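# Working through the structure, step by step
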Amino acid sequence: MKNMFFPLVILLAICFTACKKSAEGPDAPQTEYDNAQKVRAYIRDLGFPDSEVVEKENEFIAEGDISFPKNMEVPSGKVKTEQFYTGSLVSAANVVNIRLKVDASMTSMNSEISSAIAQWNAISGCSINWTIVTGSSYDVLIVDSNLGSGVCGSGTFPSGGRAGSTIRINKAYIAGNSFAQRARTICHEMGHNVSFRHTNWSSIGESSATSVPGVGGTDASSLMNGGQCGSGATVLSTKDKQAAQVLYP
Ligand SMILES: [Zn+2]
């Protein structure tokens, strides 16, 4: 009797442990949390000061308008910190045809979007080429979004060799700006989606950034200066174009 009882206890114990384990299911929340922590570390590696990073429910926002989704794919390897770009570029194959889909919420600014695209596509000796697509296959979605007062829009850095997936425009907020300023906002966010950072990083408080080779220093006329919602440069500056040529020859 004794000899039969003990194996039964052990069997029950094994079953209980196994059943308990499977009942817990996949630990998705922990994985999401871990990835968000990786994203947070990536932002720090890029040199953005903690004071310039705000955490939201599903993303971190750096310097007011650069979105890092918490579920983004974090580039592997040590990050190179650069003045004008993240070190994570759009691949040569993808940059020649960046497919932009205009969400229905943004079609009222089609003219501004076309103007912004024309600026990037006109840079000589640079392979950046944006096209508007209407189908279900696209690389970047531009969409209206209420980002609160003081924020014109937000962009997303590239990852995995693809342009950042989203551009959000605070349409109601910029509606009162001039056409040139509305187009500037779109052109500026498009710059983030191909890896451009804020040219005026130093005055914003970043300390670890270095230059795109041959294109360093400050540039008051850069369209990629940050914190100039509604008042910044409306055309890509000579240095903006030089940086684009170096990054995407
Ligand atoms: Zn910006």
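For the structure, check the block above.
I will try to describe carefully the structure that is included in this document. If you're wondering where the values come from, they're calculated on a predicted model, not measured in any experiment.

## Some remarks on the packing of helix H4 (residues 110–121) against helix H6 (residues 179–193)
Between H4 and H6, the least distance of the axes is 8 Å, while the angle of their chain directions is 55°. The angle between H4 and H6 falls in the class oblique. Where H4 crosses over H6, the two elements pack in a sense that is right-handed. Counting all contacts with H4, which are made through Ser111, Glu112, Ile113, Ser115, Ala116, Ile117, Gln119 and Trp120, the residues of H6 involved are Phe179, Arg182, Ala183, Ile186, Cys187, Met190 and Gly191. Looking at the contact of H4 with H6 residue by residue, the class counts come to nine nonpolar, four polar and two charged.

## Notes on the pattern of salt bridges
Going through the model one piece at a time under the given rule, you end up with seven salt bridges. One network of salt bridges, in which partners are shared, links Arg40, Arg44 and Asp50.

## Some points on the environment of Cys187
By the secondary structure assignment, Cys187 is in helix H6. Cys187 sits 36 residues away from Leu223 along the chain, and the two C-alpha atoms are 8.1 Å apart. The contacts of Cys187, once residues within four sequence positions are left out, are Ala116, Gln119, Trp120, Leu223 and Leu236.

## So, the layout of surface pockets
To locate leftover empty space, one rolls a probe as large as a water molecule over the atoms. A volume near 190 Å³ is recorded for the largest pocket. What lines the largest pocket is a set of 17 residues, among which Asp65, Cys152, Gly227, Gln228 and Cys229 lie closest to the centre. Looking at the lining of the largest pocket, the element that brings in the most residues is H6, giving four residues.

## What to know about the state of the cysteines
Under the counting rule described, the total for this entry stands at one disulfide. Between the sulfur atoms of Cys152 and its disulfide partner Cys229 the distance amounts to 1.8 Å. Residues Cys152 and Cys229 are joined by a disulfide whose S-S torsion is about 85°; by sign, that bridge is right-handed. One end of the pair, Cys152, is in the loop between strand E6 (140–144) and strand E7 (153–156); the other, Cys229, is in the loop between helix H7 (201–204) and helix H8 (238–247), and 77 residues separate them in sequence. For Cys152, a relative accessible area of 6% corresponds to the buried category.

## Regarding the pairing of strand E2 (residues 59–62)
Neither face of E2 is exposed, since Glu59 and Ile61 on one face and Phe60 and Ala62 on the opposite face are all buried. Alignment of strand E1 (residues 53–55) against E2, held across three bridges, turns out to be antiparallel. From the neighbouring strand, Val53 faces E2, where its bridge partner is Ala62. The hairpin formed by E1 and E2 contains three residues between the paired strands. In this sheet, strand E3 (residues 66–69) lies alongside E2 in antiparallel orientation, the contact comprising four bridges. Looking at E3, one finds that Ala62 is bridged to Ile66.

## Considering the coordination of the zinc ion
Taken together, Asp65 (OD), Asp65 (OD), His188 (NE2), His192 (NE2) and His198 (NE2) make up the full set of protein donors to the zinc ion, lying 2.0 to 2.4 Å away. Each donor residue of the zinc ion belongs to the same chain, with the gaps between them written as D-x122-H-x3-H-x5-H. Note that Asp65 is positioned in the loop between E2 and E3 and His198 in the loop between H6 and H7, a separation of 133 residues in sequence. On the basis of relative accessibility, which here comes to 7%, the residue Asp65 falls in the buried class. Residue classification places His198 among the buried residues on the basis of a relative accessible area of 0%.

Calculation criteria
- Residues numbered from 1 in each chain as written.
- Predicted model: local features only at pLDDT ≥ 70, side-chain atom pairs only at ≥ 80, totals over all residues.
- Heavy atoms only, no water.
- Axes fitted to C-alpha atoms, helices over the stretch in contact; angles between N-to-C directions.
- Helix = DSSP H or I, 4+ residues; strand = E, 2+ residues; numbered from the N terminus.
- Parallel < 35°, antiparallel > 145°, perpendicular 65-115°, else oblique.
- Left-handed = near helix turned anticlockwise from the far one by under 90°.
- Contact = heavy atoms within 4.5 Å.
- Nonpolar A, V, L, I, M, F, W, Y, C, P; charged D, E, K, R; others polar.
- Salt bridge = Lys/Arg side-chain N within 4 Å of Asp/Glu carboxyl O.
- 1 Å grid on protein atoms, 1.4 Å probe; cavity = no way out; pocket = protein on both sides within 12 Å on 5 of 7 lines; lining within 4 Å.
- Points joined across faces, edges and corners; volume = space filled by probe spheres on them.
- Disulfide = S-S within 2.5 Å.
- Buried < 20%, exposed > 50% of the residue type's maximum accessible area, 1.4 Å probe, protein only.
- Pairing = 2+ DSSP bridges.
- Donors = N, O, S within 2.8 Å, 3.2 Å for Na, K, Ca; no water.

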